[in-house]
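Breakdown of the fold
Residue strings, one per chain:
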Amino acid sequence: MTATLFAILYYVATLLLVVGVAMKMRRYAKAPAPLKIPTMPAPRTMKGVYFRMFREVVVFESLFKSNKWIWLFGYLFHFGMLVVVLRHFRYVTYDIWWWLELIQPFGIYASYLMVIGLMGLLVRRIVVERIRYISSPSDYLMLILLIAIAATGMGMTFVQPVDIVAVKGFFLGLLRLQINPLPSSPMLLIHLALVALLMIIFPISKLMHGPGIFFSPTRNQIDNSREKRHIAPWAKKLEE
Amino acid sequence: MAKLDMNAEGGPKFMADPFTIPDIKCGAMEDLDSYMAHPKHNTDLGFPGELIDNWQEVAIAKIGELAEKNRAFQVYLDSCVKCGACTDKCHYFLGTGDPKNMPVARQDLLRSVYRRYYTFAGKYFPKLVGARDLTREVLDEWYNYYHQCSQCRRCSVFCPYGIDTAEISMAARDIMNAVGKGQKYCNEIIAKAQDVGNNLGLNPKALRATLEDLEEDLEEETGLSVRIPLDEKGADILLITPSADFFADPHIDGLLGYAKVFHEAGVSWTVSSYASEAANFGMFIGSYENMRTLSLRIRQAAIDLGVKRIVFGECGHAWRVAYSFLNTLAGPFDFLDQDYPIPQHIMEFTHDMIQKGELNFDKSRNDHIRLTYHDSCNVARGAGMGGYEGGQFDLPREVLKACCNNYFDMDRDTTHESTFCCGGGGGLLTDELMDLRVKGASPRMTALKDVTDEHGVTHMAAICAICKTQFSKVMPKYGYEMDSIMSVHQLVASALILTGQEIEEDTAPEGNGVATEVSS
Amino acid sequence: MAYDVNGATIEHDEEGYITNLSEWSKELADVIATAEAVDMGEEHWAVVNFLRDYYEEYQIAPAVRVLIKSIKKSMGPEVGNNKYMYELFPYGPAKQACKIAGLPKPTGCV
């Protein structure tokens with residue numbers, strides 16, 4: 001029964017995540033940028049733009065320039081989460097890839113970084129007057145949700161170990177459209193439920209900043225407006 | 001050295017340093033309203049004269065339309081995570097402490113409404129995500145706080161996703177204009193520029209008289225016939241400069257500088273009475289159509305006068321529109337000489353001349369000045385120069401150093417791409433917003449005071465008409481002389497010795513008492 | 001929004017510039033000057049008169065530089081300089097003097 005419920009939940013959550021994000025990205029891609037608005041100074045070649053975007057996505061360059069504390073906590077959280085998520089691939093692959101073996105020992109440490117980062121962001125949101133002012137309930141809840149996911153995940157290592165072989169069996173089954181048994185550990189079920197919730201709200205929340213940054217005209221445009229004419233389709237019609 | 005009257009009674013105060021974060025003062029600037037446009041100002045631009053009955057419906061529809069027509073608007077409304085990185089980056093927040101002047105909070109005024117009508121979470125859980133209905137109070141709040149943004153883009157430098165509050169504030173003004181809630185300062189000026197050809201309303205006859213008057217001055221000063229041609233067909237270069245250059249100080253001294261440089265370069269050039277304005281206020285109100293109408297005048301003037309090149313004078317927002325948008329709005333310029341940048345900035349022209357060694361400077365003529373340079377926001381973050389990344393920072397400095405011996409930069413975090421706005425940009429250069437303008441200038445004024453204390457800096461140069469006017473009004477309130485703000489080409493002009501120019505003793509420190517002829 | 005000149009009502013805009021330029025009179029100039037806390041003397045009148053003459057010919061206010069040059073010619077360099085103009089009209093010879101002279105407000109980046 002639990003297994004069936006979670007199977008349905010994960011099929012639905014995955015569908016909503018994939019379709020939702022794809023639809024949003026299609027919206028972003030469809031909306032033209034009518035004018036050249038890169039934040040200057042900007043790269044003058046496409047290669048330069050890739051490098052700028054790489055720096056933004058990989059080292060959070062602008063955030064680093066802006067605020068060292070937010071950068072530190074944000075980076076710990078995102079980097080930690082990246083390693084943790086990669087490590088979870090072992091639950092959906094039959095054979096473990098070599099690089100998964102490689103990061104395996106770091107998973108636990110990464111989860112520490114993730115939680116430290118999230119706690120830091122949460123404390124700043126509460127303590128710093130300016131950030132408290134701009135925060136809505138959802139901004140706190142999002143951090144709490146992520147902390148809860150991390151905490152229940154870590155709980156399964158430190159507090160209430162689960163039969164991870166069975167968990168892997170469950171997810172491999174989902175990939176083959178089979179419903180295999182799922183251990184009924186509360187820690188696991190809460191963890192899985194929260195992750196599914198995160199997947200569901202991803203496309204309708206500020207989590208869209210992830211895909212969004214790639215569409216940000218101030219970061220992805222080339223500084224070549226004098227050399228190459230840029231015009232949006234709707235603006236072209238004004239000329240007819 | 002300027003004597004700073006720091007503690008003038010009731011006057012503005014310098015900050016401890018230019019980045020001092022104030023305590024939050026809710027509602028500190030909520031009563032500041034810039035004058036609403038008169039019905040005629042609005043209808044002249046194709047907007048409803050007064051607030052329409054179904055304004056709410058139209059405004060909401062306009063948000064949806066903009067989200068489809070402008071990727072930046074859509075992506076930026078969705079992407080903000082409220083990290084807070086931008087909260088201490090706006091000069092108006094630093095100067096006023098009003099939390100709605102924090103970039104993210106300013107965006108949220110509109111984002112909250114977008115969420116309410118266009119997102120799942122906002123439709124069903126408005127309280128949870130800070131979504132709210134578009135009420136009359138919200139509209140009035142938009143009007144107030146979107147006219148406290150100078151669209152300087154400093155926040156966009158520091159946002160991890162590049163969210164540009166200028167884009168949101170332009171969109172907000174576009175939405176407000178669509179429902180008949182325009183601002184007088186911007187709309188009156190745009191209508192004037194579309195009618196007469198410039199923001200000032202300077203007609204061809206008056207323009208000609210002014211330029212002839214300036215030619216007299218130039219001849220008196222140099223003994224040479226240095227011309228400022230108007231509407232001369234067949235000239236090589238069309239100069240597009242802000243109309244403030246025909247009217248105000250120190251702008252007009254910059255114009256004299258361009259004239260001298262063109263004279264020395266031996267090029268034929270002309271001003272156009274039809275397109276006698278560089279500034280394009282269409283950008284301030286986020287109106288592509290109005291921006292395009294104004295830009296097309298420049299194209300038309302270039303065609304009518306048969307010029308080969310277009311050069312822009314010192315004007316910040318104008319240069320953003322010229323450099324980044326003109327090709328889009330009024331291109332392609334395939335009828336101009338492709339060997340030169342289209343358009344070119346006067347700074348590029350002068351810099352080029354200096355590189356070639358064709359300008360003869362007597363730098364000692366500027367020795368009474370200890371100078372710094374204010375990077376104008378729209379040049380720094382909205383445009384380029386010199387054909388390479390960051391040229392907009394180097395060229396003006398290199399030109400200044402070529403004609404001044406005493407040059408000192410301000411704190412690096414207040415210059416280049418991190419420059420603080422003068423406090424008067426983006427359609428806020430109007431008297432009823434003076435309180436905001438003075439407070440918004442405080443980070444810049446504080447950075448200036450630091451170099452005055454450290455290096456005895458007396459003057460600051462800029463290449464933007466708004467910056468120049470704003471500083472000449474605001475600097476006296478911070479204890480500087482009003483003429484402490486200078487045009488870059490004013491300094492060029494005072495050091496430039498023209499070929500064949502007679503030098504009198506009192507102006508030439510090295511002179512021997514007899515008028516000497518300088519040859520090059 | 002109006003000035004009262006000997007019982008006559010003269011409309012002005014939010015900033016005190018009269019809306020119908022033909023309604024200007026010397027008496028009105030005094031009323032506006034009083035509202036602006038400017039005490040009109042001979043030098044003030046020289047500026048106002050020049051502005052009005054210039055406007056009549058060109059339908060626009062002169063550049064500050066042109067104004068100063070003319071005043072310098074007529075009243076000497078002690079009066080005809082930028083600094084002194086701001087002493088006469090603290091809010092600027094362009095804007096404040098135009099208001100008193102019954103000219104429209106110069107608009108733009110000025």
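Here goes a summary of the coordinates provided. (Residues numbered from 1 in each chain as written. Chains lettered and ligands numbered in written order. Predicted model: local features only at pLDDT ≥ 70, side-chain atom pairs only at ≥ 80, totals over all residues. Heavy atoms only, no water.)

**Topic: the pairing of strand S2 (residues 8-11) of chain C**
All names here are of chain C. Heads up, the rule is: Only strands that DSSP links by at least two bridges are regarded as paired with each other. Only DSSP runs of H or I reaching four residues or more are called helices, and only runs of E reaching two or more are called strands; each is numbered from the N terminus.
Bridge count between strand S1 (residues 2-5) and S2: four bridges; the pairing is antiparallel. In the strand pairing of S2, Val5 is matched with Ala8. Where S1 folds back on S2, the antiparallel hairpin that results is connected by two residues, among which Asn6 adopts a positive phi of roughly 45 degrees.

**A word on the interface of chain B and chain C**
Definition in use: A contact between two residues is defined here by any heavy atoms of the two lying within 4.5 Å. Accessible surface is computed with a 1.4 Å probe, and the buried area is the amount of it that two parts give up when combined, taken over both parts together. Salt bridge, as applied in this entry: a Lys or Arg side-chain nitrogen positioned within 4 Å of an Asp or Glu carboxyl oxygen. Side-chain atoms alone can form a polar contact between residues adjacent in sequence; in general such a contact is a pair of N or O atoms within 3.5 Å, and within protein one must be able to donate a hydrogen while the other accepts it.
Counting from both sides, the interface comprises 41 residues of chain B and, opposite them, 26 residues of chain C. Three residues stand out in chain B for area buried against chain C, namely Tyr35(B), Phe247(B) and Met482(B), and they jointly supply 21% of the buried area on that side. One can count eleven salt bridges joining chain B with chain C. Where Asp217(B) meets Lys69(C), a salt bridge forms, and the shortest distance between an N and an O atom there is 2.5 Å. Viewed at the interface, chain C and chain B are joined by 15 residue pairs in polar contact (both at pLDDT 80 or more). When contributions to the side of chain B that touches chain C are tallied by element, the ones reaching two or more residues are helix H11 (184-196), helix H12 (204-222), helix H13 (251-265) and helix H21 (465-474) of chain B. The element best represented in the side of chain B that touches chain C is H12(B), accounting for eight residues.

**A few points about helix H2 (residues 46-59) of chain A**
The α-helix advances 3.6 residues per turn, and as a result positions three or four apart in sequence lie on the same side. All names here are of chain A. The condition that has to hold: Each residue after the first adds 1.5 Å to the expected span of a helix. With a 1.4 Å probe rolled over the protein chains alone, any residue whose accessible area is under 20% of its type maximum counts as buried; one over 50% counts as exposed, and the rest are partly exposed. Regarding the arc, it is the one traced by the directions from the helix axis to the C-beta atoms.
Counted at 1.5 Å a residue, the expected span for H2 with its 14 residues is 20 Å, and the 19 Å between its end C-alpha atoms agrees. Among all positions of H2, only Gly48, Val49, Arg52, Met53 and Glu56 are buried. Relative to the axis of H2, the buried residues are bounded by an arc of 135 degrees and lie together on one face. Counted as exposed and oriented over 90 degrees from the buried face of H2: Lys47 and Tyr50.

**Structural notes on the interface of chain B and chain A**
With 81 residues of chain B at the contact, the number on the chain A side is 59 residues. Together chain B and chain A conceal approximately 5,700 Å² of surface at their shared face, both sides included; 57% is due to carbon and sulfur atoms. The three residues of chain B that bury the most area against chain A are Arg71(B), Tyr288(B) and Tyr323(B), which together make up 13% of that side's buried surface. Applying the counting criterion to the chain B and chain A interface returns 38 residue pairs in polar contact (both at pLDDT 80 or more). At eight residues, the largest contribution of residues to the side of chain B that touches chain A is made by helix H15 (residues 316-330) of chain B.

**Points about the nonpolar core**
Where we set the bar: Here, nonpolar core refers to any group of buried Ala, Val, Leu, Ile, Met, Phe, Trp, Tyr and Cys residues whose side-chain atoms link them within 4.5 Å.
With 231 residues, the main nonpolar core has Leu110(B), Trp142(B) and Phe312(B) as its most contacted residues. Top contributing element to this core by residue count: H15(B), with nine residues. When neighbours within four sequence positions are excluded, Phe312(B) is seen to be in contact with Leu239(B), Ile240(B), Ala278(B), Ile298(B), Ala318(B), Trp319(B), Ala322(B), Leu326(B), Pro343(B), Gln344(B), His345(B) and Ile346(B). Ranked by size, the runner-up nonpolar core spans 27 residues in total, among them Leu63(A), Tyr140(A), Leu194(A) and Ala85(B).

**Notes on the pairing of strand S1 (residues 237-240) of chain B**
All names here are of chain B. Note the threshold: The handedness rule is simple: strands pointing away from the viewer, and a clockwise path from the first strand over the helix to the second, make the crossover right-handed.
The side-chain alternation of S1 yields two buried faces, one formed by Ile237 and Leu239 and the other by Leu238 and Ile240. Handedness of the β-α-β unit built from S1, H13 and strand S2 (residues 269-271) comes out right-handed. In the sheet, S1 pairs with strand S3 (residues 309-312) via four bridges, with the strands oriented parallel. In the sheet register, Ile237 faces S3, and the bridge partner there is Arg309.

**Looking at the packing of aromatic side chains**
What counts is decided by this rule: Working definition: a ring pair exists when centres of Phe, Tyr or Trp rings (six-membered ring for Trp) sit within 6.5 Å. Plane angles under 30 degrees give stacked, over 60 give edge-to-face, the rest tilted. Here, a charge over a ring is recorded when the distance from Lys NZ or Arg CZ to the ring centre is within 6 Å and its angle to the ring normal is within 35 degrees.
Taken as a whole and assessed by the stated rule, the structure comprises 27 aromatic pairs over all chains. An angle of 80 degrees between the planes, with centres 5.0 Å apart, marks the rings of Phe64(A) and Trp71(A) as edge-to-face. For Phe64(A), a relative accessible area of 40% translates into the label partly exposed. The interplanar angle of 45 degrees and the centroid separation of 5.9 Å between the aromatic rings of Phe50(C) and Tyr54(C) together place this pair among those described as tilted. Taken as a pair, Phe50(C) and Tyr54(C) lie in helix H2 (residues 42-58) at a separation of four residues, close to a single helical turn. Judged on exposure class, the residue Phe50(C) and its partner Tyr54(C) are both buried. A connected cluster of aromatic rings, assembled from ring pairs, spans Phe60(A), Phe64(A), Trp71(A), Tyr75(A) and Phe79(A). Sitting above the plane of the Phe64(A) ring, Lys68(A) keeps its charged end 4.3 Å from the centroid. It is Arg309(B) that lies over the ring of Tyr340(B); its NZ or CZ is 3.5 Å from the centre.

**Focus: the sheet that holds strand S5 (residues 371-373) of chain B**
All names here are of chain B. For the record, the criterion: Orientation is described by lines fitted to C-alpha atoms, with helices fitted over the stretch in contact, and by angles between N-to-C directions that extend from 0 to 180 degrees.
Pairing in this open sheet of three strands is parallel, and the strands run S5-S6-S7 from one edge to the other. Either end of the sheet is taken by a strand with one partner, and the two such strands are S5 and strand S7 (485-487). Averaged over all adjacent pairs, the angle separating strand axes in this sheet is 35 degrees, with direction ignored. As defined by bridge partners, strand S6 (residues 459-462) adjoins S7 across three bridges and the pair is classed as parallel. Residue pairing for S7: Ala462 is matched across the bridge by Ser487.

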